Amino acid sequence: MPHAYDDQNVFAKILRGEIPNDTVLETEHTLAFNDIGPQAPVHVLVIPKGAYVSHDHFCAEAEDAELLDFARATARIVAEKGLSLAEGGAGYRVISNAGVHGVQEVPHYHLHILGGRRLGRMLEKT
Ligand code: AMP
């Protein structure tokens, strides 16, 4: 089954300028903005401008330029937020949720960058 993209999702509306966002960084292929419901002192969402649903969709089908731009944008945000280990930062976590088991709310691919406090264990034990 091909990846089905719903262009009425909230991040597609942000990309079209239909609803506002608190932009952290914008590049040719990537937009990053603060999460509306932050779960840590730093909680930035990084999204490609292209119509991708999930991490695997983006990684499988994006052009090289989109992949490179997204990866470099993510590194820039980590550095600019003072999270990079290379610059004395205390670290961070990146998360991407996909689908039902990943508990993905917004079906436009995004990475969460979380930092600024100790984040606890990655997963609850169930
Ligand atoms: P996920 O469960 O990985 O799909 O996460 C979606 C994230 O998008 C959540 O952390 C929400 O708080 C965030 N979110 C939803 N709407 C907006 C918005 N308009 N601007 C910024 N963040 C949003």
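For the structure itself, look to the data block above.
Not measured: the values here are computed from a predicted model. (Residues numbered from 1 in each chain as written. Predicted model: local features only at pLDDT ≥ 70, side-chain atom pairs only at ≥ 80, totals over all residues. Heavy atoms only, no water.)

(A) Broad picture of the site of the ligand. The immediate surroundings of the ligand are formed by 16 residues, with D35, N97, E105, H110 and H112 found nearest. Between the ligand and the protein, one listed contact pairs a nitrogen atom with a backbone N or O atom of I36 at 3.1 Å. A distance of 2.9 Å is found between an oxygen atom of the ligand and a backbone nitrogen or oxygen belonging to V106. Calculation on the ligand without its partners gives an accessible area of 510 Å², and the protein chains cover 86% of this total. Its atoms largely coinciding with the cavity grid, the ligand occupies the largest pocket. (Near = heavy atom within 4 Å. Polar contact = N/O pair within 3.5 Å; in protein donor to acceptor, adjacent residues only side chain to side chain. Areas by Shrake-Rupley, 256 points an atom, 1.4 Å probe, with all protein chains shown as cover. 1 Å grid on protein atoms, 1.4 Å probe; cavity = no way out; pocket = protein on both sides within 12 Å on 5 of 7 lines; lining within 4 Å. Sits in = over half its atoms within 2 Å of the grid points.)

(B) Broad picture of the pairing of strand β1 (residues 23-26). The sheet contact formed by β1 and strand β2 (residues 30-34) spans three bridges and is antiparallel. Looking across to β2, one finds that L25 is bridged to A32. The loop that links β1 with its antiparallel partner β2 comprises three residues. (Pairing = 2+ DSSP bridges. Helix = DSSP H or I, 4+ residues; strand = E, 2+ residues; numbered from the N terminus.)

(C) Structural context of the layout of surface pockets. When its volume is computed, the largest pocket comes out at roughly 1100 Å³. Q39, H43, N97, E105 and H112 are, among the 34 residues lining the largest pocket, the residues nearest its centre. Taken together, the elements giving at least two residues each to the lining of the largest pocket come down to α1 (10-15), β2, β3 (42-48), β4 (92-95), α4 (99-102) and β5 (111-115). Here the lining of the largest pocket gets three residues from one element, more than from any other, and that element is α1. Its residues placed into classes, the lining of the largest pocket shows 15 nonpolar, twelve polar and seven charged. (Points joined across faces, edges and corners; volume = space filled by probe spheres on them. Nonpolar A, V, L, I, M, F, W, Y, C, P; charged D, E, K, R; others polar.)

(D) Molecular detail of unusual backbone geometry. Its identity as a non-glycine residue notwithstanding, V103 has a phi of 55°, on the positive side. Tracing the sequence through the fold places V103 in the loop between α4 and β5. Here V103 falls in the exposed class, since its relative accessible area comes to 60%. (Buried < 20%, exposed > 50% of the residue type's maximum accessible area, 1.4 Å probe, protein only.)

(E) Region of interest: the nonpolar core. In terms of nonpolar packing, the biggest core is built from 16 residues, with V44, V46, I77 and I113 touching the most fellow members. The biggest single contributor to this core is helix α3 (residues 64-80), with four residues. One finds F11, L31, L45 and V106 within the second-largest nonpolar core, a separate group that totals seven residues. (Core = buried A, V, L, I, M, F, W, Y, C linked by side-chain atoms within 4.5 Å.)

(F) Region of the structure containing the pattern of salt bridges. This model, assessed by the stated rule, comprises three salt bridges. Between E80 and R76 there is a salt bridge, and its shortest N-O distance comes to 3.5 Å. One end of the pair, E80, and the other, R76, are both in helix α3, four residues apart, so they sit about a helical turn from each other. Judged by its relative accessible area of 53%, E80 is exposed. (Salt bridge = Lys/Arg side-chain N within 4 Å of Asp/Glu carboxyl O.)

(G) Just the packing of aromatic side chains, in detail. Across all of its chains, the model carries five aromatic pairs by this definition. Both rings, one in F11 and one in F33, keep their centres 5.4 Å apart while their planes meet at 75°; by these two values the pair is edge-to-face. With F11 in helix α1 and F33 in strand β2, the pair connects residues that are 22 residues apart, well separated along the chain. Both residues of the pair, F11 and F33, count as buried. Through a chain of ring-to-ring contacts, the aromatic side chains of Y52, F58, F70 and Y109 assemble into a single cluster. (Phe/Tyr/Trp six-rings, centres within 6.5 Å; stacked < 30°, edge-to-face > 60°.)

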